[in-house]
Amino acid sequence: MARLKAWFDRTGWSDLIVGLPYVWLILFFLLPFLIVVAMSVATKTPTAPPFSFGGDHAWINLGGYARLFGDALYVRAFLISLMNAATATFFCLLIGYPMALALTRVSKSWRNILLMLVILPFWTSFLLRVYAWMGLMGKSSWFNAALTDVWNWIVPIDWAVKSLPMMHSNFAVVLVMVYTYLPFMILPLYASLERLDPTLDEAALDLGSRPWQVFLDVTLPQSIPGIIAGGLLVFIPAAGELVIPSLVGDAAAPMIGRVISDEFSQARDWPMASAVAVALLALMVIPTMIYSHYQARAEGTK
């Protein structure tokens, strides 16, 4: 007891505070992940739970991982997920970079208001916002009618349509993901751009550089860490998105998150669903490791 009291008097409380996040990660990330990895090498059975180890089945069954590369459903779902996530990330960057740059150029009073507007969608239920987009993309909505009028004005009369088929398509999935994850791109970009020294831009202008040259040569290179951070914050959750593809996506071209959900709930093939989940996690870890490598190298050169 005296030793425990002496430990608390020295470093006990600080050790507990530092150790709590690790306990949280072990309980709610590492252990569930190990359970999923174990299920991924189990064998599907008609029992409850629907998988088994040993007995009449192999202790380690890698059939699920083999199906990942041999079954066109999973390969196609991975490709669609990566394509949609990359497209959404690109458009988030295209829209979010000018917005983040503008936030650093306005007065502090306006900056606080604009930052509040950026995070304002988070005050509303995510599911409610998706349903709102479903209404906007419906054939009888004003949004669809306006886009249809623009389409009919641009294309030849032979291509004119009564309404644009936006729902249940990859276009709808990307559109809603861009809207949903745009703040995750803006905020890291703003944090990166806000730290830049404005005198560097002024010096480049004084030396005769044009504004677009100043942006390409000075501003853009220094904001790359923010671009990478924002890209990862958008790409990783978008690649594994479930709700948006399920509500507005094409059932014939599912993303990998919906495939995992269907394998768990409908097919009740927990080993296969776990194998897909492990493969998706491994695929998402690669860009994170790349970012960590470049971030560590950048900090090492300072």
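From a predicted model like this one, the values you see are computed outputs, not experimental measurements.

A. Inspection of helix H10 (residues 224–239) at higher detail. The end-to-end C-alpha distance of H10, which contains 16 residues, comes to 22 Å, matching closely the 22 Å that a straight helix rising 1.5 Å per residue would cover. For H10, every residue scored as buried is listed here: Gly226, Ala229, Gly230, Gly231, Leu232, Val234, Phe235, Ala238 and Ala239.

B. Highlighting helix H9 (residues 211–222). The end-to-end C-alpha separation of H9 is 16 Å, in line with the 16 Å expected for twelve residues at 1.5 Å each. Those residues of H9 not exposed but buried are Val214, Val218 and Thr219. Angularly, the buried residues of H9 cover 80 degrees about the axis, an arc narrow enough to put them on a single face. In H9, the exposed residues that point more than 90 degrees away from the buried face are Trp212 and Asp217. Those residues of H9 hidden inside the fold are in contact with helix H3 (72–105), helix H7 (170–194) and helix H8 (198–206).

C. Just the nonpolar core, in detail. By size, the foremost hydrophobic cluster in this structure holds 52 residues, and its most contacted members are Met137, Val176, Met177, Ile244, Val248, Ile256 and Val276. If you tally residues by element for this core, the top one is H7, at 13 residues. Each residue touching Val176, except ones within four places of it in the same chain, is listed here: Val130, Trp133, Met137, Ile244 and Val248.

D. Representation of the packing of H7 against H10. The N-to-C vectors of H7 and H10 enclose an angle of 155 degrees; their axes lie 8 Å apart at closest approach. By the angle between their directions, the pair H7 and H10 is classed as roughly antiparallel. H7 and H10 meet at a crossing whose hand is right-handed. Judged by residue contacts, Met177, Tyr181, Phe184, Met185, Pro188, Leu189 and Ser192 of H7 engage Gly226, Ile227, Ala229, Gly230, Gly231, Leu233, Val234, Pro237 and Ala238 from H10. Taken together, the residues of the contact of H7 with H10 break down into twelve nonpolar, four polar and no charged.

E. Expanded view of the pattern of salt bridges. A complete count under the given rule lists one salt bridge for this structure. The salt bridge involving Arg67 is made with Asp269; its shortest N-O contact spans 3.4 Å. Of this pair, Arg67 sits in helix H2 (residues 63–70) while Asp269 sits in the loop between helix H12 (256–265) and helix H13 (270–300), and the two are 202 residues apart along the sequence. A relative accessible area of 35% places Arg67 in the partly exposed class. A relative accessible area of 9% means that Asp269 is categorised as buried.

F. Local environment of the side chain of Arg129. Within the fold, Arg129 resides in helix H5 (residues 126–137). This buried residue, Arg129, is left without a salt bridge; Glu241 holds the nearest opposite charge, at 9.9 Å. Here the side chain of Arg129 touches Thr124 through a polar contact of 3.4 Å, landing on its backbone oxygen. Once residues lying within four places of it in the same chain are set aside, the contact partners of Arg129 are Pro121, Phe122, Thr124, Tyr179 and Thr180.

G. Region of interest: the packing of aromatic side chains. Enumeration over the complete set of coordinates arrives at eleven aromatic pairs. Measuring from centroid to centroid gives 4.5 Å for Trp24 and Phe28, while their planes differ by 45 degrees, and the two rings are tilted. Of this pair, Trp24 and Phe28 both sit in helix H1 (residues 2–40), four residues apart, which is roughly one turn of that helix. Assigned by exposure class, Trp24 and Phe28 land together as exposed. On the numbers, 6.2 Å between centres and 5 degrees between planes, the contact of Phe29 with Phe33 is stacked.

H. Up close: a nonpolar patch on the surface. Where nonpolar side chains cluster on the molecular surface, the patch consists of Trp110, Ile113, Met116, Leu117, Ile119, Leu120, Phe122, Trp123, Phe184, Leu187 and Leu233 and spans about 1,000 Å² of accessible area. Within the residue set of the nonpolar patch, elements represented by two or more residues are helix H4 (108–119) and H7. By residue number, the principal contributor to the nonpolar patch is H4, which donates five residues. Within the secondary structure, Trp123 is located in the loop between H4 and H5.

I. The arrangement of the layout of surface pockets in detail. Quantified by volume, the second largest pocket comes out at close to 200 Å³. Along its surface, the second largest pocket is lined by Leu101, Thr104, Arg105, Arg111, Leu193, Glu194, Leu196, Asp197, Pro198, Asp201 and Thr219. No other element matches H3, which puts three residues into the lining of the second largest pocket. Among the residues forming the lining of the second largest pocket, the class breakdown is four nonpolar, two polar and five charged.

Calculation rules
- Residues numbered from 1 in each chain as written.
- Predicted model: local features only at pLDDT ≥ 70, side-chain atom pairs only at ≥ 80, totals over all residues.
- Heavy atoms only, no water.
- Helix = DSSP H or I, 4+ residues; strand = E, 2+ residues; numbered from the N terminus.
- Expected span 1.5 Å × (residues − 1).
- Buried < 20%, exposed > 50% of the residue type's maximum accessible area, 1.4 Å probe, protein only.
- Arc of directions from axis to C-beta.
- Contact = heavy atoms within 4.5 Å.
- Core = buried A, V, L, I, M, F, W, Y, C linked by side-chain atoms within 4.5 Å.
- Axes fitted to C-alpha atoms, helices over the stretch in contact; angles between N-to-C directions.
- Parallel < 35°, antiparallel > 145°, perpendicular 65-115°, else oblique.
- Left-handed = near helix turned anticlockwise from the far one by under 90°.
- Nonpolar A, V, L, I, M, F, W, Y, C, P; charged D, E, K, R; others polar.
- Salt bridge = Lys/Arg side-chain N within 4 Å of Asp/Glu carboxyl O.
- Lys, Arg positive; Asp, Glu negative; His and termini not counted.
- Polar contact = N/O pair within 3.5 Å; in protein donor to acceptor, adjacent residues only side chain to side chain.
- Phe/Tyr/Trp six-rings, centres within 6.5 Å; stacked < 30°, edge-to-face > 60°.
- Patch = residues over 30% accessible without salt bridge, like charges linked within 9 Å, V, L, I, M, F, W, Y side chains within 5 Å.
- Areas by Shrake-Rupley, 256 points an atom, 1.4 Å probe, with all protein chains shown as cover.
- 1 Å grid on protein atoms, 1.4 Å probe; cavity = no way out; pocket = protein on both sides within 12 Å on 5 of 7 lines; lining within 4 Å.
- Points joined across faces, edges and corners; volume = space filled by probe spheres on them.

Just distances and angles here, no functional claims.
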